Amino acid sequence: MTSSPHFERFIDLLRTREAAGAVRAWSAAMQEGRRLSLGIKDREIGNPHSPLRLSEDGGLHYRIVWDQGTYSAGRVERRTLADAPEEALDEARETAYDDPDAAWIPPAVPLPAVETHVAATARIAAGDTTPFAERLGVIRARFERSGARTWSGGCGASEGSLRYASSEGADYRTAGTGVSWYVGLDGELGDGHSGRHLDSDAEFDARLSRLFSLREIFSREATPPAPGTLPVLLDPGVVESYVLGTLFHHLSGSTVAHGEGRFSREDFGSEERLLRDDLELSHDPTVSLRRGTYRFTGEGVPAAPVTYVRGGRLVTPRLGLKYARRLGLEPNAAPAAYDCVRFTGAEVVPFAEGLRRAAGGIRVLGVLGVHTQDIASGDFSLAAPQSLAVGDEGETGRVRATISGNLFDVLRDRALRFVSFEGETTPGLLFSCRVDPK
Amino acid sequence: MIEELEGLGRLGEELCEEARRRSVRLFWRAQLRSIHSVAVQDGKTESSSRVTAGGHGVHVVTADGRSALASRDDFVPDAARDLLARAVEIADGGASLGATRAVVPDLPRTRGVAVPELVPAYDRIDLADTARRLTELEQEIRAGEDDVQIRVGFRADLDGWRILREDGSDVRFVIPRTVVSVRAAHRRAGRSHSASASAFSPSCRALGCGDFVTLLTKRARRAVELVRRLPDAPAHPSGSFPLVIDYALAKGLAHEAFGHASEADGFRSSVLARDGRFRTGTRVGADHVSIVDEPVADDHAWQPFSANGLTRDPVRIVDRGRLSEALADPWSAEAGGVPLRGSARAESYRSAPLPRMTNIRIEVDGAGPAPGDFEDYDPERVRSLLAEAGVFRRHREIRYLSGYSGGQVNTTSGEFVFNCKAIYVLDESSIRLHKPAIFSGSMFGALESVREAFGPLRLDALGYCGKWGQSVPSSGGSHYFLVLDAHPEVKLGGGA
């Protein structure tokens, strides 16, 4: 984190060109960071395929509106900033093109005061591996008692800074930390934590206990249900990777502006309920010390709560500067992690109740093939090899299945239920769809 | 870039000298990369940029076998020396974490250079001119169909590496990759569908090449036609069916179902290994089927040297139905009971190399003829080909899976999935389009069910592979078409 002089020099160059009339407006955001990480592959900690890794890097993102109104956006690596900043600006000019919606710089505004940096995490990122050593010891001991064949995973910590300056007078600074761990058993079940600081020992133990308990059930083969339309309970991880991933794609300003998704510009702010009338989707990056917490985006948009869906009505798309202008709406702060996202309905049932209502169906712990789906249609046909059959007394053991349907039909269904899971900010989802066990 | 890679040798040699002084093994990887990209939509440029990146990674193995990788995004000599010291320090500290000890085998001292003639042109890409050409191309593909959204993207990626080891090995290579991609989307009655098409060239001037543009336009027009028809197509029911898959899906089958499970770093849990060792000689498929991985010149996934500075060799993974060789690197070959093949690749200098595929293909002995160019095979012509070959005498109906849209595998269980862009139910008198559905099952069942093939080998199905969070280009293929018998462990769908 030593490149501040290079950043100062680069924005001085921008100011000089602005004063000379060659540049109409500009912004620059410099990110620098370091990270320490360690992998575990099939019980081997830190082998050459997953060694202890220490990395340091950085770079500057610029947005420039030139004198003729043309626009450039790009990235300059740290070594170019040090050695050849003038040439970097000349190259930026060569890539300029007409993009009137992107060619503007937001005004400077006050930023929210949020906490994103934890000194203990920064010490790990700088090389103090003691906390990881303790955690790995616990995981290894639990694994050896579990009967699982193998485990893999990883842990890592990072510390970074971001500085943003613009021709509109902004000079924003922030620093943050991140830390994560993950354990996967037998290449099939896994769990972990990701945050600004390590989870507490109690939270860590509780998460491990849930994982190893789940593995016990998973190790039993169950009689699969007959194929048909059955209750399906998606675990929070599946909701994040498939449901929220798809929904946020359709809520992207680019998708809306180009007519590539389910929603059109006219749907936002209209009275029509395109999703079920109690469905809410919002995001708040100003809650301190969450993984998704931040003060401002790389485009200089301040962090603030955003509501995307309220009562089944669309409120706003996810909007950076370009598509905000194109759609005639205000830019907003995009989600950086799901722990700042709130996805819910009028009724959230506890896990035990959700499982009771899933009787006769399956609980889906993981799916294969999310990235192979036609995201535009919302149609899904997903292999769910990590599933549990659910009987009247709860989960009975492992089944493999394919689940299929249409996500938007699910999100309008009166029978859809949100299910709370211990230790998770994202809910599970309970609904009915086609299930074809194998 | 070429001159800069050459100039980095002095820094690498200095670090190697320091590694020898410290008695540590060193794999030093320097990478320089430049990416030019342009995207147009609705006749307008939506993005245009040139990004460069570079840095180096110091991967050490200490005398007692602990390893560490430290990296920086510059080539400052003092910082590089500090980086090596830091890497040795954290590797030594691995003992407190219970880090595994590794033995570095004796490796062949390798020196070599591979820089294709097309590389220098990547320094002179005119993005404004490229944007104009893409806009014209968008209009040609659209052909007046204004209710279809079309986005055309150009990406020219030059990926240069210099890899040195403390044993005197020194290789440098530059990989040129240009991909033009088209995404089509269509919304009708509140429902949207999308489909994509792409073409690869090692030349950044591909848009000026008639054959390249013709190929891309044919593929893109097919995507446009598909998105217009998919809203009316029914879902396909679940089950095991006789199938015909095109060469792009065959690449997906080889890559997902067998390639990943043959990567020796996973042998402690792979279904193709027992007690950590490759099950060489085990029958895993039909006798007339083989699977081969090798770098192919002028290909999307070409890589002549491994990320550990070894020459990359071809690997015959399955030889006429039996496991033969594995994708192995210095850390996994001996433990896995397989020859060292120089199979390691890395996304960047920050990444630890892993055994990875390059261009993987399925070969079938005695493939039947499929005259003409693959791109001219629409479902009607596929049906005629199958009818003339007598396939409908064996199967009243056959499902034709067209176009690859990604896959995934669990190498521990041997379960794989991949998806197609469309399903056509073919019989002797009709062709019925269905929406795509997941194709999943056991890798053994899939390879066992390959019955016959038609056409010459076509190996330009391109993709990206994301093993352990590292994205590297992949490619491959097979004969134009493979016919698979129904197998209880291989399923299509289902559909709602």
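Reading the values: the criteria
- Residues numbered from 1 in each chain as written.
- Chains lettered and ligands numbered in written order.
- Predicted model: local features only at pLDDT ≥ 70, side-chain atom pairs only at ≥ 80, totals over all residues.
- Heavy atoms only, no water.
- Helix = DSSP H or I, 4+ residues; strand = E, 2+ residues; numbered from the N terminus.
- Contact = heavy atoms within 4.5 Å.
- Areas by Shrake-Rupley, 256 points an atom, 1.4 Å probe, with all protein chains shown as cover.
- Lys, Arg positive; Asp, Glu negative; His and termini not counted.
- Charge placed at Lys NZ, Arg CZ, Asp CG, Glu CD.
- Buried < 20%, exposed > 50% of the residue type's maximum accessible area, 1.4 Å probe, protein only.
- Pairing = 2+ DSSP bridges.
- Axes fitted to C-alpha atoms, helices over the stretch in contact; angles between N-to-C directions.
- Polar contact = N/O pair within 3.5 Å; in protein donor to acceptor, adjacent residues only side chain to side chain.
- Phe/Tyr/Trp six-rings, centres within 6.5 Å; stacked < 30°, edge-to-face > 60°.
- 1 Å grid on protein atoms, 1.4 Å probe; cavity = no way out; pocket = protein on both sides within 12 Å on 5 of 7 lines; lining within 4 Å.
- Points joined across faces, edges and corners; volume = space filled by probe spheres on them.
- Nonpolar A, V, L, I, M, F, W, Y, C, P; charged D, E, K, R; others polar.
- Buried area = accessible area lost by both parts, 1.4 Å probe.
- Salt bridge = Lys/Arg side-chain N within 4 Å of Asp/Glu carboxyl O.
- Core = buried A, V, L, I, M, F, W, Y, C linked by side-chain atoms within 4.5 Å.
- Arc of directions from axis to C-beta.
- Expected span 1.5 Å × (residues − 1).
- Parallel < 35°, antiparallel > 145°, perpendicular 65-115°, else oblique.
- Left-handed = near helix turned anticlockwise from the far one by under 90°.
- pLDDT = per-residue confidence, 0-100.

### Observations regarding the overall build of chain B
Next up, step 1: Looking only at helices and strands, chain B has 10 helices and 23 strands in total.
Next up, step 2: Here the C-alpha coordinates of chain B stretch approximately 75 × 55 × 40 Å along the principal axes.
Next up, step 3: Expressed as a percentage of contacts within chain B between residues at least 6 apart in sequence, the contacts between residues at least 24 apart total 74%.
Next up, step 4: When the accessible area of chain B is evaluated, it comes to approximately 17000 Å², of which 47% is carbon and sulfur surface.
Next up, step 5: For chain B, the centre of its 65 positive side-chain charges and the centre of its 68 negative side-chain charges are spaced 3 Å apart.

### Comments concerning the pairing of strand 8 (residues 228-234) of chain A
Residue and element names in this part refer to chain A.
Next up, step 1: Among the seven residues in strand 8, six count as buried, and that is most of the element.
Next up, step 2: As judged from the seven bridges shared by strand 8 and strand 18 (residues 428-437), these two strands associate in the antiparallel manner. Counted as the bridge partner of Leu233 is Leu430 from strand 18.
Next up, step 3: Bridging between strand 8 and strand 14 (residues 362-368) involves three bridges; their strand directions are parallel.

### A few points about the sheet that holds strand 9 (residues 280-283) of chain A
Residue and element names in this part refer to chain A.
Next up, step 1: The strand order across the open sheet formed by four strands is 11-10-9-12, and the pairing between neighbours is antiparallel. Bordering the open sheet on either side are strand 11 (313-314) and strand 12 (341-344), each of which pairs with just one other strand.
Next up, step 2: Alignment of strand 9 against strand 10 (residues 306-310), held across three bridges, turns out to be antiparallel. When the sheet's bridge partners are listed, Ser282 is paired in strand 10 with Thr307.
Next up, step 3: Of the strands in this sheet, strand 9, strand 10 and strand 12 are in contact with helix 7 (residues 236-250), which crosses strand 12 at around 95°.

### Some words on the side chain of Arg163 of chain A
Residues and elements named next belong to chain A.
Next up, step 1: Relative to the helices and strands, Arg163 resides in strand 5 (residues 151-166).
Next up, step 2: At 3.1 Å, the side chain of Arg163 and the side chain of Asp171 are in polar contact.
Next up, step 3: Here Arg163 is in contact with Phe7, Glu8, Ala28, Ala29, Met30, Asp171, Tyr172 and Arg173, once residues within four sequence places are set aside.

### Structural notes on the packing of aromatic side chains
Residues and elements named next belong to chain B.
Next up, step 1: The full count for this structure, using the stated rule, is 28 aromatic pairs over all chains.
Next up, step 2: Judged by centre distance (4.7 Å) and plane angle (85°), the ring pair of Tyr247 and Phe374 falls under edge-to-face. In this pair, Tyr247 is assigned in helix 6 (residues 247-259) and Phe374 in the loop between strand 16 (359-364) and helix 8 (379-388), connecting sequence segments 127 residues apart. Pair check on accessibility: Tyr247 and Phe374 agree, each one buried.

### Brief notes about empty space enclosed by the protein
All names here are of chain A.
Next up, step 1: A complete count under the given rule lists four cavities of 30 Å³ or more for this structure.
Next up, step 2: The calculated volume of the largest cavity comes to roughly 70 Å³.
Next up, step 3: If you list the elements that add at least two residues to the lining of the largest cavity, you get helix 5 (130-146), strand 5 and strand 6 (171-185).
Next up, step 4: At four residues, helix 5 tops the list of elements feeding residues into the lining of the largest cavity.
Next up, step 5: Within the lining of the largest cavity, the residues separate by chemical class into nine nonpolar, one polar and one charged.

### Thoughts on the interface of chain B and chain A
Next up, step 1: Tallying the contact residues gives 80 residues for chain B and 80 residues for chain A.
Next up, step 2: Taken over both partners, the interface formed by chain B and chain A buries close to 6400 Å², and the fraction arising from carbon and sulfur atoms is 46%.
Next up, step 3: At the boundary of chain B and chain A, one finds 14 salt bridges.
Next up, step 4: Here Arg78 of chain A and Asp73 of chain B are joined by a salt bridge, their closest N and O atoms 2.8 Å apart.

### Observations concerning the pairing of strand 22 (residues 472-484) of chain B
Within a regular strand, the side chains alternate between the two sheet faces.
All names here are of chain B.
Next up, step 1: Strand 22 sits mainly inside the fold: 13 of its 13 residues count as buried.
Next up, step 2: Note: strand 8 (residues 243-246) against strand 22, four bridges, orientation antiparallel. Along strand 22, the bridge assignment pairs Val244 with Val483.
Next up, step 3: Bridging between strand 21 (residues 450-465) and strand 22 involves 11 bridges; their strand directions are antiparallel.

### Quick word on unusual backbone geometry
Next up, step 1: Phi at Ala143 of chain B is positive, roughly 50°, even though this residue is not glycine.
Next up, step 2: Ala143 of chain B gets classed as partly exposed once you look at its relative accessible area, which sits at 48%.

### Section: the nonpolar core
Next up, step 1: Ranked by internal contacts, the top residues of the largest apolar core, which has 167 residues, are Val60 and Leu386 of chain B.
Next up, step 2: For this core, the element with the most residues is helix 5 (residues 210-229) of chain B, which contributes nine residues.
Next up, step 3: Ignoring anything within four residues of it in the chain, the contact list for Val60 of chain B reads Val24, Arg25, Leu26, Arg66, Ser67, Ala68, Leu84, Ala87, Val88 and Ala91 of chain B.
Next up, step 4: Counting residues in each nonpolar core, the second largest holds 49 residues, with Ala324, Ile362, Ile403 and Leu407 of chain A among its members.

### Some thoughts on helix 8 of chain B
Residue and element names in this part refer to chain B.
Next up, step 1: For helix 8, the set of buried residues is Pro379, Val382, Arg383, Leu385 and Leu386. The arc that holds every buried residue of helix 8, seen down its axis, measures 160°, which confines them to one face.
Next up, step 2: Looking at the residues trailing helix 8, positive phi occurs at Gly390, about 80°.

### Re the side chain of Arg279 of chain B
Residue and element names in this part refer to chain B.
Next up, step 1: Position of Arg279 among the secondary structure elements: in the loop between strand 10 (277-278) and strand 11 (289-294).
Next up, step 2: Comment: no salt bridge for buried Arg279; closest opposite-charge side chain is Asp275, at 10 Å.
Next up, step 3: A distance of 2.5 Å separates a polar side-chain atom of Arg279 from the backbone oxygen of Val271.
Next up, step 4: Excluding residues that lie within four positions of it along the chain, Arg279 makes contacts with Val271, Leu272, Ala273, Arg274, Leu323 and Phe444.

### A look at helix 5 of chain A
Because each turn of an α-helix spans 3.6 residues, side chains separated by three or four positions end up pointing in the same direction.
All names here are of chain A.
Next up, step 1: The end-to-end C-alpha separation of helix 5 is 25 Å, in line with the 24 Å expected for 17 residues at 1.5 Å each.
Next up, step 2: What helix 5 keeps buried is the set Phe132, Arg135, Leu136, Ile139, Arg142, Phe143 and Ser146. Taken end-on, helix 5 shows its buried residues confined to a sector of 130°, consistent with a single buried face. Away from its buried face by more than 90 degrees, helix 5 exposes Glu134, Glu144 and Arg145.

### Regarding the packing of helix 5 of chain A against helix 6 (residues 201-218) of chain A
Two numbers describe a pair of packed helices, the interaxial angle and the distance between the axes.
Residues and elements named next belong to chain A.
Next up, step 1: Where helix 5 contacts helix 6, the axes come no closer than 11 Å and their chain directions differ by 25°. The orientation of helix 5 relative to helix 6 falls into the category roughly parallel. As helix 5 packs across helix 6, the resulting crossing turns out to be right-handed. Contacts from Arg135, Val138, Ile139, Arg142, Phe143 and Ser146 in helix 5 reach Asp201, Phe204, Asp205, Leu208, Ser209, Phe212 and Arg215 in helix 6.
Next up, step 2: Split by residue class, the contact of helix 5 with helix 6 holds six nonpolar, two polar and five charged.

### Concerning the environment of Leu274 of chain A
Next up, step 1: Examined against the element boundaries, Leu274 of chain A turns out to sit in the loop between helix 8 (253-257) and strand 9.
Next up, step 2: The spatial distance from the C-alpha of Leu274 of chain A to the C-alpha of Leu314 of chain A is 7.3 Å, given a sequence separation of 40 residues.

### Thoughts on the confidence of the model for chain B
Next up, step 1: When pLDDT is averaged along chain B, the result is 95, and 99% of the positions lie at 70 or above.
Next up, step 2: Scoring the predicted complex yields pTM 0.95 and, for the interface, ipTM 0.94.

### Side note on the pattern of salt bridges
Next up, step 1: By the definition in use, this model includes 95 salt bridges over all chains.
Next up, step 2: Among the ionic pairs, Asp436 of chain A bridges to Arg434 of chain A, the shortest N-O distance being 2.8 Å.
Next up, step 3: With relative accessibility at 29%, the residue Arg434 of chain A sits in the partly exposed group.
Next up, step 4: For the salt bridge of Glu138 of chain B with Arg142 of chain B, the shortest nitrogen-to-oxygen distance reads 2.9 Å. Remark: Arg142 of chain B and Glu138 of chain B occur in helix 4 (residues 127-142); sequence separation between them is four residues, near one turn of the helix. One exposure class covers both Glu138 of chain B and Arg142 of chain B, and it is buried.
Next up, step 5: Several salt bridges converge on common partners, so that one network encompasses Glu294, Arg316, Asp319, Arg320, Arg361, Glu363 and Asp365 of chain B.

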